[in-house]
Amino acid sequence: QVQLVESGGGLVQAGGSLRLSCAVSGSISSINRMGWYRQAPGKQRELVAVITSGGSTNYADSVKGRFTISRDNAKDTVYLQMNSLKPEDTAVYYCNYCNLVPSADWGKDYWGQGTQVTVSS
């Protein structure tokens, strides 16, 4: 009952920046966690950054200091500001939503369709 739509991916040179957006709709819990994950060819999907409805954040070590996750609860949108991009950041980036209020779908992950980020040398 939750839908997520990512946007903002594209091609950028190393050292450049991109801002990803994820619009969420549906049965949104007041207490939740949203985040960004990425998957490169031949690799497993990995956590990039997460943010709770209360604003607490967590980042993968590889992106700390370069990426910033934020959310606008009024707009039901989560963002990922990516600075100082490196070729190894190239991947499909997926938006994630997880309900943290005890309910039938507690702990269930919802995913967006993904948006491609390509960083050239």
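See the structure above.
Remember, predicted model here, so these are calculated numbers, not experimental data. (Residues numbered from 1 in each chain as written. Predicted model: local features only at pLDDT ≥ 70, side-chain atom pairs only at ≥ 80, totals over all residues. Heavy atoms only, no water.)

Caption draft 1: Molecular detail of the state of the cysteines. Counted by the stated rule, this structure contains one disulfide. At a sulfur-sulfur separation of 2.1 Å, the disulfide partner of Cys22 is Cys95. Handedness of the Cys22-Cys95 disulfide follows from its S-S torsion of about -90°: it is left-handed. Separated by 73 residues along the polypeptide, Cys22 in strand β3 (residues 18–26) and Cys95 in strand β9 (residues 91–99) bring together distant segments of the chain. On the basis of relative accessibility, which here comes to 0%, the residue Cys95 falls in the buried class. Cys98 takes part in no disulfide bond, and the closest cysteine sulfur to it belongs to Cys95, at a distance of 12 Å. Among the residues examined, Cys98 registers a relative accessible area of 4% and is labelled buried. (Disulfide = S-S within 2.5 Å. Helix = DSSP H or I, 4+ residues; strand = E, 2+ residues; numbered from the N terminus. Buried < 20%, exposed > 50% of the residue type's maximum accessible area, 1.4 Å probe, protein only.)

Caption draft 2: Looking closely at the nonpolar core. The biggest cluster of nonpolar side chains holds 29 residues, and the ones touching the most others in it are Leu4, Trp36, Leu80, Met82 and Tyr93. Sorting the residues of this core by element identifies β1 (2–7), β3, β4 (32–39), β5 (46–52), β7 (67–72), β8 (77–82), β9 and β11 (115–120) as the ones contributing at least two each. Not counting residues within four places of it along the chain, the set of residues in contact with Leu4 comprises Cys22, Ala23, Val24, Met34, Cys95, Asn96, Tyr97, Tyr110, Trp111, Gly112 and Gln113. (Core = buried A, V, L, I, M, F, W, Y, C linked by side-chain atoms within 4.5 Å. Contact = heavy atoms within 4.5 Å.)

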